[in-house]
Amino acid sequence: MSSPKNISVAVATYNRAQIIPETLGHILGQTFPPSEIVIVDDGSTDGTREAVEAISKDIVYVRNENAGPGAALKRAIELCSNEWIALCDDDDRWRPEHLARRVKLLNKYPEADYTFSNFTSFGPDARVDYNAFSDIPPDWLDGFPHPDDEGFQLLGRDLLGTFLKLNPVFPTSTCFSRELYEKCGGIDPKFSRLGCWDAHFTWRLVLHGNTACDHNITVETRRHAGSFSRLKSRVYVQRSEMIQTSWKDGWIPDKYFPQITQSILDSIIEASWWAWHEKDHQFLREISRKTSITDFPLPLKLRILYSRLIAPRIK
């Protein structure tokens, strides 16, 4: 791939009239400015359109019938006119050097066509001094070359198995080539309303692309009650179902069957833990029956047995 000279930014939005001006301000304030911003509004009922148009008439604004964030972002990406496309959620912030460092990363590793960076959080529910990459288990990075002095790291190709174990990517930090987007099949809109729809897109990209990342924090994700309102137990069940559907759809090579099976089980286990923490014993009973009780670790087995035998008898 050639180094990007022009980068389009794709944004999906819904009812963000009060927030999106801040996000756009950070996009427009880049030291390497994007040459195009495309926003697809997923059927907002507030003044989002007026808020966008007040920022700049040069922003491409398109309104969708409400179909979920995945479908809106799919359309935004496919309306972009440049070879390189960066994503930004409508309530997040880019630091001023975000795109400049992405260009520098791609100059260093011109073979890369899918990239992401480290991120932190802000807002009323943010973790103080959060560093997303610090949460990555050390063994996940085993086998990858070490980051260089700039904090850039080439991870390589065919990484679906690795990213099924752990997905360190947040959409606002990503930038990829149009060629890769078309090669991997893009965003599948049937998952558009799931709380984990973006993971499916990431899996496709890392399967077909050559991945590189920036260990520097260039993105700030907003953390507030509305940004993670879905129950975690439901999101992990959706993840397990999305993996099963992806396997049935036939785009995952057969060699990944062991990782697919393990990832489905891991999602069910994680969903069960969250159901316990959410004190939803009925849902814990339901999801724990998706696999054998012997598949669960002992501490979780005891909680499942409590939910099945004791919790129904307690008013």
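In the block above lies the structure referred to throughout.
Residues numbered from 1 in each chain as written. Predicted model: local features only at pLDDT ≥ 70, side-chain atom pairs only at ≥ 80, totals over all residues. Heavy atoms only, no water.

Q: Mind showing me how you'd approach the packing of helix α1 (residues 20-28) against helix α2 (residues 48-55) here?
A: Packed helices, taken two at a time, are described by the angle their axes make and the gap between the axes. Direction vectors running N to C along α1 and α2 enclose 30°, while the axes themselves pass 10 Å from each other. Here α1 is positioned roughly parallel relative to α2, judged by the angle of their axes. The two elements α1 and α2 cross, and the hand of that crossing is right-handed. Counted together, Ile20, Pro21, Leu24 and Leu28 of α1 and Ala51, Val52 and Ile55 of α2 form the full contact between these two elements. When the residues that make up the contact of α1 with α2 are grouped by side-chain class, the tally is 7 nonpolar, no polar and no charged. (Axes fitted to C-alpha atoms, helices over the stretch in contact; angles between N-to-C directions. Helix = DSSP H or I, 4+ residues; strand = E, 2+ residues; numbered from the N terminus. Parallel < 35°, antiparallel > 145°, perpendicular 65-115°, else oblique. Left-handed = near helix turned anticlockwise from the far one by under 90°. Contact = heavy atoms within 4.5 Å. Nonpolar A, V, L, I, M, F, W, Y, C, P; charged D, E, K, R; others polar.)

Q: Hey, could you run me through the pattern of salt bridges in this one?
A: Note that side chains of opposite charge can pair when their charged atoms are close. In total, this model carries 18 salt bridges according to the counting rule given. We note a salt bridge from Glu22 to Arg93, for which the minimum N-O separation is 3.0 Å. In this pair, Glu22 sits in helix α1 while Arg93 sits in strand β5 (residues 93-94), placing the two residues 71 residues apart along the sequence. Classification of Glu22 by relative accessible area gives partly exposed; the value is 31%. Its salt-bridge partner being Glu241, residue Lys290 comes within 4.0 Å of it at the nearest N-O pair. Of this pair, Lys290 sits in the loop between α10 (281-288) and α11 (298-310) while Glu241 sits in helix α8 (residues 232-249); the two residues are 49 residues apart in sequence, bridging distant segments of the chain. Exposure remark for Lys290: the relative accessible area of 45% places this residue in the partly exposed category. Residue classification places Glu241 among the partly exposed residues on the basis of a relative accessible area of 37%. Salt bridges sharing common partners tie together Glu22, Arg93, Arg95, Glu220 and Arg222. (Salt bridge = Lys/Arg side-chain N within 4 Å of Asp/Glu carboxyl O. Buried < 20%, exposed > 50% of the residue type's maximum accessible area, 1.4 Å probe, protein only.)

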